[in-house]
Amino acid sequence: MLNKKDLLRQIEGKSDEETKQILEKNYGINWCIPEGTCKAWFAKVFIYCSTREFEEELAFFLFLVNTFAHLYHVCFKHEDTVSLGCTCPCGNKQVIVYYSFTRGD
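Residues numbered from 1 in each chain as written. Predicted model: local features only at pLDDT ≥ 70, side-chain atom pairs only at ≥ 80, totals over all residues. Heavy atoms only, no water.

**Student:** Lay out the overall build of the chain in plain terms, naming residues and giving numbers.
**Tutor:** Within the chain, the regular secondary structure consists of 3 helices and 4 strands. Ordered by position in the sequence, the α and β elements of the chain form the string α-α-β-α-β-β-β. Each of the 105 residues in the chain was classed as buried or not, and the buried ones make up 32%. Considering only residue pairs separated by 6 or more positions, the chain has 67% of its internal contacts joining residues 24 or more positions apart. Within the structure as shown, the chain displays about 6,900 Å² of accessible surface, and the carbon and sulfur contribution to it stands at 52%. Across the chain, 12 positive and 14 negative side-chain charges occur, with their mean positions spaced 3 Å apart. (Helix = DSSP H or I, 4+ residues; strand = E, 2+ residues; numbered from the N terminus. Buried < 20%, exposed > 50% of the residue type's maximum accessible area, 1.4 Å probe, protein only. Contact = heavy atoms within 4.5 Å. Areas by Shrake-Rupley, 256 points an atom, 1.4 Å probe, with all protein chains shown as cover. Lys, Arg positive; Asp, Glu negative; His and termini not counted. Charge placed at Lys NZ, Arg CZ, Asp CG, Glu CD.)

Encoded structure:
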């Protein structure tokens, strides 16, 4: 996974559309909220072995959300996130983070 500096270097000088393509291709980010919708919910699944690994992945994901939400004309409020965690039968730990956006137009 790229770190913050690598990603910022990769998108330097790119148009908004080119940046969106990079985010979709490399991170699966394609936040599309239909016109007129007040709030749209999304989910992100984190599978990890250690708490540190989860914290790093979550921090990077929140960096992506906070840095690039404006490209999609949406507003993110951290207070609206909900997390559910479990340990799968195979031993992997999993957290599902539900988060929402409102239109930022």
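**Student:** Break down a nonpolar patch on the surface for me, citing the residues and quoting the values.
**Tutor:** Side chains of Trp41, Val82, Leu84 and Tyr98 sit close together on the surface and give an oily, nonpolar patch of about 390 Å² of accessible area. Structurally, Tyr98 is set in strand β4 (residues 93-103). Residue Tyr98 is classed as partly exposed on the basis of its relative accessible area, which comes to 31%. (Patch = residues over 30% accessible without salt bridge, like charges linked within 9 Å, V, L, I, M, F, W, Y side chains within 5 Å. Salt bridge = Lys/Arg side-chain N within 4 Å of Asp/Glu carboxyl O.)

**Student:** Residues and numbers for the pattern of salt bridges, please.
**Tutor:** The full count for this structure, using the stated rule, is 4 salt bridges. With its nearest N and O atoms 3.6 Å apart, the salt bridge here joins Lys20 to Glu17. With a gap of 3 residues between them, Lys20 and Glu17 both fall in helix α2 (residues 16-27), about one helical turn apart. Notably, a salt bridge pairs Asp80 with Lys39, separated by 3.3 Å at the nearest N-O pair. Taken as a pair, Asp80 in the loop between β2 (74-76) and β3 (82-87) and Lys39 in strand β1 (residues 39-48) lie far apart in primary sequence, 41 residues in all.

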